[in-house]
Amino acid sequence: MGKLNVNVEIYADGAVIEDMIAAYESGFVSGFTTNPSLMKKAGVKDYMAFSKEVVEKIPDLPLSFEVFADDFETMEKEAEKIHSFGKNVFIKIPITNTKGESSIPLIKKLEDKGYSLNITALLTVDQVEDAVAALNPNVENIVSVFAGRIADTGQDPIPYMKKAVAICQSKKGANLLWASSRELFNVYEADRLGVDIITCTPEIITKLKKVGKPLEEVSLDTVKGFNKDIKSLGYSILTEKESSK
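Because the structure is predicted, anything quoted here is derived from the model rather than measured. (Residues numbered from 1 in each chain as written. Predicted model: local features only at pLDDT ≥ 70, side-chain atom pairs only at ≥ 80, totals over all residues. Heavy atoms only, no water.)

When its secondary structure is counted, the protein shows 12 helices and 8 strands. Principal-axis analysis of the C-alpha atoms gives the protein an extent of 80 × 40 × 35 Å. Scored against the burial criterion, the 245 residues of the protein give a buried share of 44%. Here the contacts in the protein between residues at least 6 apart in sequence split such that 63% fall between residues at least 24 apart. Positive and negative side-chain charges of the protein, numbering 30 and 36 respectively, have mean locations separated by a distance of 4 Å. (Helix = DSSP H or I, 4+ residues; strand = E, 2+ residues; numbered from the N terminus. Buried < 20%, exposed > 50% of the residue type's maximum accessible area, 1.4 Å probe, protein only. Contact = heavy atoms within 4.5 Å. Lys, Arg positive; Asp, Glu negative; His and termini not counted. Charge placed at Lys NZ, Arg CZ, Asp CG, Glu CD.)

Residue placement: asparagine 136 occurs in the loop between α6 (125-134) and β6 (141-145). By relative accessible area, asparagine 136 is classed as buried at 18%. One polar contact links the side chain of asparagine 136 to the main-chain amide nitrogen of asparagine 138, over a distance of 2.9 Å. The residues touching asparagine 136, leaving out its near neighbours within four places in the chain, are Glu111, Asn141 and Lys172. (Polar contact = N/O pair within 3.5 Å; in protein donor to acceptor, adjacent residues only side chain to side chain.)

Looking at soluble globular proteins, one finds that nonpolar side chains tend to be buried together. Residues Phe32, Phe65, Ile93, Ile107, Val128, Val145 and Leu208 are the most contacted members of the largest nonpolar core, which totals 69 residues. Take this core: its biggest share by element is 5 residues, from helix α8 (residues 157-169). When near neighbours in sequence (up to four residues on either side) are disregarded, leucine 208 contacts Leu4, Ile10, Phe28, Leu184 and Val187. The next biggest cluster of nonpolar side chains, apart from the first, holds 7 residues, and it includes Tyr11, Phe90, Ile142 and Phe146. (Core = buried A, V, L, I, M, F, W, Y, C linked by side-chain atoms within 4.5 Å.)

Here is the structure:
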């Protein structure tokens, strides 16, 4: 981690318990985020059992668990339960439900109770402004802007994230998170802008170990990788007769 020379905190994004524990034990990350899609991909069958194990194995770093409901009344009940998991737990609340109805009233309710939230699925500056305005300055919260998904639409996420940094810095306890990172260089982009946190997939975290590696070495490793695959494929372009000439 020393090689990175960045101030942005790196959170591991995923729901494979073995990967999470390995990242925790490495001391390489400062927190963890999960979501229903990642749980589905990881084959998590029991939400409560999974959450309980994560909190037991990672008791002293921030953990984000998302509500599952789509109606705000049930969402509130789920938030209460998630809050009870542990003091290091952040409740992930999407900025809207599937009907496009704003979660701001629920966010205000939970903030009044002093709960730490991770407001998720934000992609616009207006959403960031609304979310931060609803936050309790006496509580640590996370505002997750999906920079990678902004980029997926063909738009540059940097101007959005610049504005999000300024908005979050105006409210004590509002920590901006660069979500849906796509490549290792996003870590440096986030750091340059003054973003507080960035979530990284296990693949990106693995790549972080290559930071500072000379490009000539990376080039040679790439050629060696091609050669290894060529040998395993058993292909040949020239016939035996052609190659012997």
